[in-house]
Amino acid sequence: MKSQSRTPLNAARRSIRSVAALLIASGLSATCIGAGAAHADDAASILRAMSDYIANQKNVSISYDSDIEIMTPDMQKIQFASSGQLTIHRPDKLRVTRTGGYADVELVYDGANFTVSDRARKVYGQMPATGTIDQLVDSIRDKSGIEAPGADLLLANSYAALIDGVYDAKHIGRGVIDGHECEHLAFRTPDTDWQIWIEPGATPIPRKYIITTKTVTGAPQYTLRISSWKTSPDTTADAFAFKPSADMKKREIQNLGHIDEIPPGISPCGEKK
């Protein structure tokens, strides 16, 4: 959750948003693998069904676990793990928490202000913000480099954000994530490969999301696993109001210090290929 050059996830965001002229000119190149695999168009249609379903949910609450890998200078791959919750109320309310071994962070948007709280260090930063959740996500990425975990999956038009830059799509088949049978899809962009597992049927919920960065030696990955999905979460009137504790100090957001998923002083990526 820092600068856009810091993590495999950020590299994936840039790649997913890149323009693929071949895709636009000729359409998705989709293939199937394995016996009994579904039709070639299924990967895109399943992803679109997920996007349409999520867009129609006014309130969504999830719990998640995330893993981010880094390559050390001596080419050892190290993984760091975090967990958290994300709640949205369309069009303009958001709350995200992330707790790991090196940070305890909360992001809150109430439709008027965006707040970043470092709960471990008792500091927070705040800036005025208006607009939809989608506009906020784009704005804070551009201005501060802060990421909301899994935000692209919950955007009003997540399909457009995810499919942009994709030149190959595959419906791998079925898999089981935390006891839930899911459709397993795989996509490719020039810089990243990414996979997603989506529940079939009337509630196409994403359960797992993996992004592999191909431009870094060792191909580090970002993994997001989603659980406890609720489309009508129990939220109080002030669920999206930020109330700092008496011992918290206010700072500029850019001066909050370390709020990343990895320890300070560790380079998050290996050498570029």
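Above: the structure in question.
Here is a short report on the structure shown in this document. If you're wondering where the values come from, they're calculated on a predicted model, not measured in any experiment.

Definitions and cut-offs
- Residues numbered from 1 in each chain as written.
- Predicted model: local features only at pLDDT ≥ 70, side-chain atom pairs only at ≥ 80, totals over all residues.
- Heavy atoms only, no water.
- Helix = DSSP H or I, 4+ residues; strand = E, 2+ residues; numbered from the N terminus.
- Buried < 20%, exposed > 50% of the residue type's maximum accessible area, 1.4 Å probe, protein only.
- Phe/Tyr/Trp six-rings, centres within 6.5 Å; stacked < 30°, edge-to-face > 60°.
- Salt bridge = Lys/Arg side-chain N within 4 Å of Asp/Glu carboxyl O.
- Contact = heavy atoms within 4.5 Å.
- Polar contact = N/O pair within 3.5 Å; in protein donor to acceptor, adjacent residues only side chain to side chain.

**Here we look at unusual backbone geometry**
Argument step 1. A cis amide bond, omega 10°, links R90 with the succeeding residue P91.
Argument step 2. Looking at the secondary structure, you find P91 in the loop between β3 (77–89) and β4 (93–100).
Argument step 3. The backbone of M75 sits at a positive phi, close to 65°, despite the residue not being glycine.
Argument step 4. By the element assignment, M75 lies in the loop between β2 (59–71) and β3.
Argument step 5. Notably, D178 is not glycine yet its phi reads approximately 50°, a positive angle.
Argument step 6. Summarising the element assignment, D178 is placed in the loop between β8 (168–177) and β9 (180–188).
Argument step 7. Relative accessible area serves as the criterion here: at 56%, D178 is assigned to the exposed category.

**Let's talk about the packing of aromatic side chains**
Argument step 1. Throughout the structure, instances matching the rule amount to four aromatic pairs.
Argument step 2. With a centroid separation of 5.1 Å and an interplanar angle of 50°, the aromatic rings of Y124 and F242 are classed as tilted. A residue pair is termed long-range when its members are at least 10 positions apart, and Y124 in strand β7 (residues 123–128) and F242 in the loop between β12 (221–230) and β13 (249–250) qualify at 118 residues. Just as Y124 is buried, F242 falls in that class too.

**Examining the pattern of salt bridges**
Argument step 1. Enumeration over the complete set of coordinates arrives at 14 salt bridges.
Argument step 2. The salt bridge partner of R225 is D67, with a shortest N-O separation of 2.7 Å. Taken together, the positions of R225 in strand β12 and D67 in strand β2 put the pair 158 residues apart, joining distant regions of the chain.
Argument step 3. Linking R207 and E199 is a salt bridge whose minimum nitrogen-to-oxygen distance equals 2.6 Å. For the pair R207 and E199, a shared accessibility class is recorded, and that class is buried.

**Observations regarding the environment of I88**
Argument step 1. Along the chain, the position of I88 falls in strand β3.
Argument step 2. Taking the C-alpha atoms as reference, I88 lies 5.7 Å from N59; in sequence the two are 29 residues apart.
Argument step 3. Not counting residues up to four positions away in its chain, the partners in contact with I88 are K58, N59, V60, K93, L94, I133, L154 and F240.

**Examining the side chain of T87**
Argument step 1. Position of T87 among the secondary structure elements: in strand β3.
Argument step 2. Using a relative accessible area of 13% as the deciding quantity, one classes T87 as buried.
Argument step 3. At a separation of 3.4 Å, a polar atom in the side chain of T87 contacts the side chain of S61.
Argument step 4. Excluding residues within four positions of it along the chain, T87 makes contact with V60, S61, K93, L94, R95, P233, T235 and F240.

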